[in-house]
Amino acid sequence: YNKNGELMAFNGVEIFRSTKRNSGYGKKPIYTTTKNAYYNTAVKKGTKYYYKVRGYVLVNGEKVCTDYSTKAWRTA
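Here the structure is a predicted model, which means the values were calculated and not measured.

Novice: So what about the pattern of salt bridges? Which residues, and what values?
Specialist: All told, the structure shown has two salt bridges when counted by the stated rule. Arg54 serves as the salt-bridge partner of Glu14, at 2.7 Å between the closest nitrogen and oxygen. Here the residue Glu14 occupies a position in strand β1 (residues 12-18), and Arg54 occupies one in strand β3 (residues 48-59), the gap between them amounting to 40 residues. Among the residues examined, Glu14 registers a relative accessible area of 4% and is labelled buried. Since its relative accessible area comes to 18%, Arg54 is described here as buried. Glu14 serves as the salt-bridge partner of Lys63, at 2.8 Å between the closest nitrogen and oxygen. Pair noted here: Lys63 is in strand β4 (residues 62-65) and Glu14 is in strand β1, with a separation of 49 residues, a long-range link. Salt bridges sharing common partners tie together Glu14, Arg54 and Lys63.

Novice: Tell me about the environment of Ser69, residues and numbers included.
Specialist: Following the sequence through the fold, Ser69 ends up in the loop between β4 and β5 (72-75). For the pair Ser69 and Gly5, spaced 64 residues apart in sequence, the C-alpha to C-alpha distance is 15 Å. Discounting chain neighbours no more than four positions away, the residues touching Ser69 are Lys52 and Val53.

Novice: Break down the pairing of β1 for me, citing the residues and quoting the values.
Specialist: For a regular strand, the rule is simple: side chains alternate between the two faces of the sheet. Of all seven residues making up β1, five are buried, and the element is well covered by its neighbours. Judged from the seven bridges that link them, β1 and β3 form a sheet pairing that is antiparallel. For Phe16, the partnering residue across the bridge sits in β3 and is Lys52. Here β1 runs beside strand β2 (residues 31-33); their pairing, made up of three bridges, is antiparallel. Bridge pairing links Glu14 to Thr32 in β2.

Novice: An account of the confidence of the model for the chain is needed here, citing residue identities and associated values.
Specialist: Residues with a pLDDT of 70 or more make up 97% of the chain, whose mean pLDDT is 89. Taking the mean pLDDT of every element in the chain, the minimum, 89, falls on β2 and the maximum, 94, on β1.

Definitions and limits used
Residues numbered from 1 in each chain as written. Predicted model: local features only at pLDDT ≥ 70, side-chain atom pairs only at ≥ 80, totals over all residues. Heavy atoms only, no water. Salt bridge = Lys/Arg side-chain N within 4 Å of Asp/Glu carboxyl O. Helix = DSSP H or I, 4+ residues; strand = E, 2+ residues; numbered from the N terminus. Buried < 20%, exposed > 50% of the residue type's maximum accessible area, 1.4 Å probe, protein only. Contact = heavy atoms within 4.5 Å. Pairing = 2+ DSSP bridges. pLDDT = per-residue confidence, 0-100.

Here it is in structure tokens:
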């Protein structure tokens with residue numbers, strides 16, 4: 001949803017992951033999907049992972065991305 005509460009239509013979503021709260025996400029996403037769910041199976045038990053995502057649309061063949069989401073975290 002955008003800031004006005006309207007549902008946005010994306011071509012896909014990019015998922016970024018780090019073991020550090022504010023860095024280490026890299027420039028390339030660990031996963032890109034058109035689905036609304038992601039199951040991370042490549043994790044180490046007891047490790048805390050931080051995630052952020054962003055949506056994208058294709059405009060004239062060029063990828064235009066949203067801002068990053070608020071970070072989420074989980075411990076495996």
